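What follows is each chain in one-letter form.
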Amino acid sequence: MDRARQAVFGRRSSPTEEYEPLTGDEDGTAPEASVVLENWDEIPFSWIEYGIFGFLGVAMLWAWNMFLAAAPYFSSRFSSNAWIQSNFQSGILTVSTITNLSVLLILSNIQYSASYPFRINLALIISSVIFALLTASTIVFLDASPTAYFTFLLVMVAFSSWATGLIQNGAFAFAASYGRPEYMQALMAGQGVAGVLPAVAQVTTVLLFPPKDPSLGDDNGPKQGESSAFFYFLAAVTISVIALVVLIPLVRRHSRRIENRIVEHMAESMTSIEEAERAARKVTSLWVLFRKLRWLAIGLALTFTVTMFFPVFTAKIHSVREDAGAIFRPTAFIPLGFVFWNLGDLGGRVATMLPFSLKNRPFVMFLLALARVALLPLYLLCNINGKGAVVSSDFFYLFVVQLSIGLTNGWLGSSFMMASGDWVDEGEREAAGGFMGLWLVIGLTTGSLLSFTVSGI
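Within an unreviewed UniProt entry, the label attached to the chain reads Nucleoside transporter, and the organism entered is Conoideocrella luteorostrata. Turning to the chain, the UniProt annotation filed under Sequence similarities (unreviewed entry) states: "Belongs to the SLC29A/ENT transporter (TC 2.A.57) family."

This is how it looks when you write it as structure tokens:
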């Protein structure tokens, strides 16, 4: 496939000449000015650029994972209001998914004038400010009423989701514009890392600093909760700021490439990088993109719809050996379940660098995503709510169920995203990247809503 695979596996796969659109009709042709970016597929692979895109993938999901990690702290802030304490997670989920989906719908329809690096930068700036405010909220205004803090939290979630929509649209489109599927894979792998690290940190924290029994009169619980939330939110600020810094050389390299093409091909007719980028774009409606990418888009959405059931089951499944040690108690075992799922997910995303690929068979990939629904009943064989397991084995739950469902999510999700660039014209790649990001969020939103059907298990 590419130089990344050659570096890792010492071989080259077939060239990308096999590309052909799903439909033979084309709605217009790219302007003559697109010569500025001709032979874009010949951009050499760079591990530096791969690493930067990987870090952007981490930043893309890190904020959301920090909201999940801080759930115990939020619960303590709402302890005096039973309704808010019971419903704050649903409130966060609803505001987040609706805002994220709305932003992506709007951005996907703004193509010609789009500056994808600007969208990424704006997202990281917003995220830095939002989590700086959340960090401060763990120190000041601690006497705020649950209603006031809940309102503040939902506003922060809305702005954070706005930023997430910006970086999803911007990063996927920007990576797609390079014509190198490795960079799309880097974004997906970075997202996998963003899932693993917080889960590992949560398990480690519980094992090193086990929660005290409230019956013993421990007064440090809220204080410990504030301290942990402070570092969770501060970590999100740090990740966003670092991402802003590492993005600078990537944008500069991108700009230099376009400048060189302006000099070589259109020195007299082009005056700016923005003008060259816009001239090379082919504005494409979402319907046209759907006709070309329908099986990839639907398959991607279906993959993440199924995936959104896993947090509901994982939060309820206990070890079959709860008395065997600290790691088997729910406070550590439940986060351990998230660790194994995320490790499988990360492994699947990395596995897309293997020579094996189904990118030329989008319908087969869709069928695999559909078949993945059959994995969900495996959760029913495990120890849900400590009521007993049909298969009385923690190994079965962690290594068979969690790893397999995570692995298939990572491999399929990344494969769908990486294949999208081969089924559209060169000038449509940026729009296709943003379009696929939209369908990813459609899948997450649909799965989030459907997951409530099993929340009572």
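There's more to say after this.
> How do you make sense of the pattern of salt bridges when you look at a structure like this?
A side chain of one charge can pair with a side chain of the opposite charge when the charged atoms of the two come close. Applying the stated criterion across every chain yields a total of 6 salt bridges. The partner of Arg180 in a salt bridge is Glu182, with the nearest N and O atoms 3.2 Å apart. Between Lys292 and Asp425 there is a salt bridge, with the nearest N and O atoms lying 3.9 Å from each other. Residue Lys292 is found in helix H10 (residues 286–307), and its partner Asp425 is found in the loop between helix H14 (394–419) and helix H15 (429–450); the two are separated by 133 residues along the sequence. Each member of the pair, Lys292 as well as Asp425, carries the same accessibility label: buried. Members of the salt-bridge network, linked through shared partners, are Lys292, Asp425 and Glu428.

> Even after reading the chapter, I still don't get empty space enclosed by the protein, so can you show me in this structure?
Where empty space is left becomes clear once a probe the size of a water molecule has been rolled over the atoms. The final tally for this structure, using the stated rule, is 7 cavities of 30 Å³ or more. Of the pockets and cavities examined, the second largest cavity occupies roughly 80 Å³. Looking at the second largest cavity, the residues that line it are Ala59, Met60, Ala63, Ala123, Leu124, Ser127, Ser160, Ala163, Thr164, Ile167 and Ser240. Counting residues per element, the ones that place at least two in the lining of the second largest cavity are helix H2 (47–69), helix H5 (116–137) and helix H6 (146–177). No other element matches the 4 residues that H6 contributes to the lining of the second largest cavity.

> Which parts of the structure should I look at to understand the nonpolar core?
As a rule of thumb, nonpolar side chains are buried together in soluble globular proteins. Counting 117 residues, the largest nonpolar core has Phe53, Phe74, Phe131 and Tyr379 as the members making the most contacts within it. Element by element, the count of residues in this core is highest for H6, at 14 residues. Setting aside residues no more than four positions away along its own chain, Phe53 makes contact with Ala171, Phe174, Ala175, Tyr178, Tyr183, Ala186, Leu187 and Leu250.

> Explain unusual backbone geometry to me, please; I cannot follow it from the model alone.
A negative phi holds for most residues other than glycine; trans holds for most peptide bonds. Phi angles above zero are rare outside glycine, and Phe141 is one such case at about 55°. With respect to the helices and strands, Phe141 occurs in the loop between H5 and H6. Although it is not a glycine, Asn385 sits at a positive phi angle of roughly 55°. Locating Asn385 in the fold gives a position in the loop between helix H13 (362–371) and H14.

> Which parts of the structure should I look at to understand the confidence of the model for the chain?
Interpretation of this model should avoid reading the predicted coordinates in detail wherever pLDDT is low. Overall, the prediction assigns the chain a mean pLDDT of 81, with 81% of residues at 70 or greater. Here residues 1–5 is modelled with pLDDT under 50, and outside its nearest four sequence neighbours on either side it reaches 26 contacts, counting other chains as well.

> How should I be thinking about the packing of aromatic side chains in this particular structure?
The geometry of an aromatic ring pair is captured by two quantities: the separation of the ring centres and the angle between the planes. Counted by the stated rule, this structure contains 36 aromatic pairs. Note on Phe67 and Phe74: the rings are 6.5 Å apart at their centroids and 35° apart in plane angle, and the pair reads as tilted. Residue Phe67 shares its accessibility class with Phe74, and that shared class is buried. Seen from their ring centres, Phe74 and Phe88 are 6.2 Å apart, and the 75° between their planes marks the pair as edge-to-face. With Phe74 in helix H3 (residues 71–77) and Phe88 in helix H4 (residues 82–108), the pair connects residues that are 14 residues apart, well separated along the chain. Accessibility classification places Phe74 together with Phe88 in one group, the buried group. An aromatic cluster is defined as three or more aromatic residues linked by ring pairs; in this entry it consists of Phe67, Tyr73, Phe74, Phe78, Phe88, Phe131, Tyr149, Phe150, Phe152 and Phe233. Above the plane of the ring of Tyr149 lies Arg77, whose end atom (NZ or CZ) is 3.8 Å from the centre. In this structure, Arg321 packs its charged tip against the face of Phe328, placed 4.7 Å from the ring centre.

Parameters and conventions
Residues numbered from 1 in each chain as written. Predicted model: local features only at pLDDT ≥ 70, side-chain atom pairs only at ≥ 80, totals over all residues. Heavy atoms only, no water. UniProt positions renumbered as here; feature names shortened; annotations may be inferred. Salt bridge = Lys/Arg side-chain N within 4 Å of Asp/Glu carboxyl O. Helix = DSSP H or I, 4+ residues; strand = E, 2+ residues; numbered from the N terminus. Buried < 20%, exposed > 50% of the residue type's maximum accessible area, 1.4 Å probe, protein only. 1 Å grid on protein atoms, 1.4 Å probe; cavity = no way out; pocket = protein on both sides within 12 Å on 5 of 7 lines; lining within 4 Å. Points joined across faces, edges and corners; volume = space filled by probe spheres on them. Core = buried A, V, L, I, M, F, W, Y, C linked by side-chain atoms within 4.5 Å. Contact = heavy atoms within 4.5 Å. pLDDT = per-residue confidence, 0-100. Phe/Tyr/Trp six-rings, centres within 6.5 Å; stacked < 30°, edge-to-face > 60°. Lys NZ or Arg CZ within 6 Å of the ring centre and 35° of its normal.

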